[in-house]
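Observations on the model geometry
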Amino acid sequence: MKNDKIQAIESAIGYSNEIYNIKNMKKYGVLLLITEVEGELSFVFQVRNREIRQGGEISLPGGRYELEDMNTHNTAIRETKEEMGISEEDIEIIGKLDSIISHGNIFVDSYVGYTSKHPDEFKINKSEVESIFTIPIDYFIENRPVMHEIAYYASPSNNRWKDNIITCRRIRSTWEIF
């Protein structure tokens, strides 16, 4: 027979596949856009306008989630329309890649889409995008990208139980029960 505390913990835990603190993260949706250039399927990249935040950086179309988007899928489409100047009807979403959690409490959903529009037909928004360019998909198949990962470590805190340091992550998980 379980005691009252165990039963209270069991009923408080439940099961969740949520990401911790996702409600407080800044959410973004981006689109890895595919189009055909000179008979080859190619990815579309953009160079951000130098006058805006992160200006001059190479990026994918996309941006920050807004409540009216309802989800990051719609964010990726809305931002692609705004930045690339193509209509929603010209974008076919093929699928979704893994989500990424980045520094600064940023959560990014990445989608893959296709457009039959040629990049010359795009009406890029010059206030956000300086220029666009394409790279054939075959280039990435033949030249595997080098992966770089950033490791995050929990720093010891003053949370001790006897002579053991309990990291913030473990304490946070413990507090969630209550």
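Residues numbered from 1 in each chain as written. Predicted model: local features only at pLDDT ≥ 70, side-chain atom pairs only at ≥ 80, totals over all residues. Heavy atoms only, no water.

Let us look at the pattern of salt bridges. Counting across every chain of the model gives eight salt bridges. Where Lys-81 meets Glu-88, a salt bridge forms, and the shortest distance between an N and an O atom there is 3.8 Å. Lys-81 sits in the partly exposed class, given a relative accessible area of 34%. (Salt bridge = Lys/Arg side-chain N within 4 Å of Asp/Glu carboxyl O. Buried < 20%, exposed > 50% of the residue type's maximum accessible area, 1.4 Å probe, protein only.)

This brings us to the layout of surface pockets. Each pocket or cavity is described by its volume, and for the largest pocket that value is around 1,700 Å³. The wall of the largest pocket is formed by 39 residues, among which Val-30, Leu-60, Ile-100, Val-108 and Ser-110 lie closest to the centre. At the level of elements, β1 (26-37), β2 (40-48), β3 (58-59), β4 (62-64), α2 (72-84), β6 (100-102), β7 (106-114) and α3 (137-142) are the ones that each hand at least two residues to the lining of the largest pocket. Split by residue class, the lining of the largest pocket holds 20 nonpolar, nine polar and 10 charged. (1 Å grid on protein atoms, 1.4 Å probe; cavity = no way out; pocket = protein on both sides within 12 Å on 5 of 7 lines; lining within 4 Å. Points joined across faces, edges and corners; volume = space filled by probe spheres on them. Helix = DSSP H or I, 4+ residues; strand = E, 2+ residues; numbered from the N terminus. Nonpolar A, V, L, I, M, F, W, Y, C, P; charged D, E, K, R; others polar.)

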